[in-house]
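Close look at the chain arrangement
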Amino acid sequence: MTADPSQSDDNLAAAVKAMEDLVDEAVQVYELDKEKVNVTDDLYNSLKILTGYLGFTVDLPNELLNLPPQSRAILVPSLDIIIIKPNYKSEQKRLDQFTLDEISNVLRYSIPMIINMARTDRMIKSKKIAFLKEGTKKLKRLPGTSVDDSMVTDTMRMEKV
């Protein structure tokens, strides 16, 4: 029994169509990979400005980065992650060098913690500034302690010398 030539042509057409579909899928995957790199770079660079300014460090659970149990991971303000291995050797990697899943895990874990640390820092600074303002206000009520008076007095002393 011989193969029908039209059936052979259909098989070839199906194979060519499958190759076209493969090329289309590969191009789409390539475009997504490029977009992933661009989005990750933008996120990394923007977030790095904020975390660098705030200056907070976050200890990360090992599971976020699939590390062995005795390891330690620390996210520093520069968005580098310091990994201390069980043998106490360390390595340092940029956040954007991890997989998308690992980056997502780290951000989901660390951003709420950084927000809480920033909020606490803001409240402490506000209290200290309020204290200094109150102290300044109290000192200004004393006779002869205004800034203008002391500047005039200092200037007059310097002229006499």
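For the structure given in this document, a descriptive report is provided here. (Residues numbered from 1 in each chain as written. Predicted model: local features only at pLDDT ≥ 70, side-chain atom pairs only at ≥ 80, totals over all residues. Heavy atoms only, no water.)

A closer look at the sheet that holds strand β1 (residues 58-60)
Defined as follows: In this scheme, strands are said to pair when DSSP sees at least two bridges between them. Each helix is a run of DSSP H or I of at least 4 residues and each strand a run of E of at least 2, with the numbering of both proceeding from the N terminus. An axis is simply a line fitted to the C-alpha atoms; with a helix, the fit covers only the stretch in contact. Between two such axes, the angle follows the N-to-C directions and lies from 0 to 180 degrees. Whether two residues touch is decided by their heavy atoms; if any such pair falls within 4.5 Å, the residues are in contact.
Reading across from one edge, β1-β2-β3-β4 is the order of the 4 strands in this open sheet, with antiparallel pairing throughout. Single-partner strands in this sheet number two, and they are β1 and β4 (90-94). Mean inter-strand twist for the sheet, computed between neighbouring axes without regard to direction, equals 25°. As defined by bridge partners, strand β3 (residues 80-84) adjoins β4 across 5 bridges and the pair is classed as antiparallel. Looking at the pairing, I82 lines up with Q92 of β4. The sheet contacts of helix α2 (residues 100-140) involve β1, β2 (72-75) and β3, and relative to β1 the element is tilted by about 150°.

Digging into the side chain of T51
Within the element layout of this structure, T51 appears in helix α1 (residues 5-54). Contacts of T51, omitting those with residues within four sequence positions, involve F56, P77, L79 and I114.

All quantities given are derived from atomic positions and should not be read as evidence of function.
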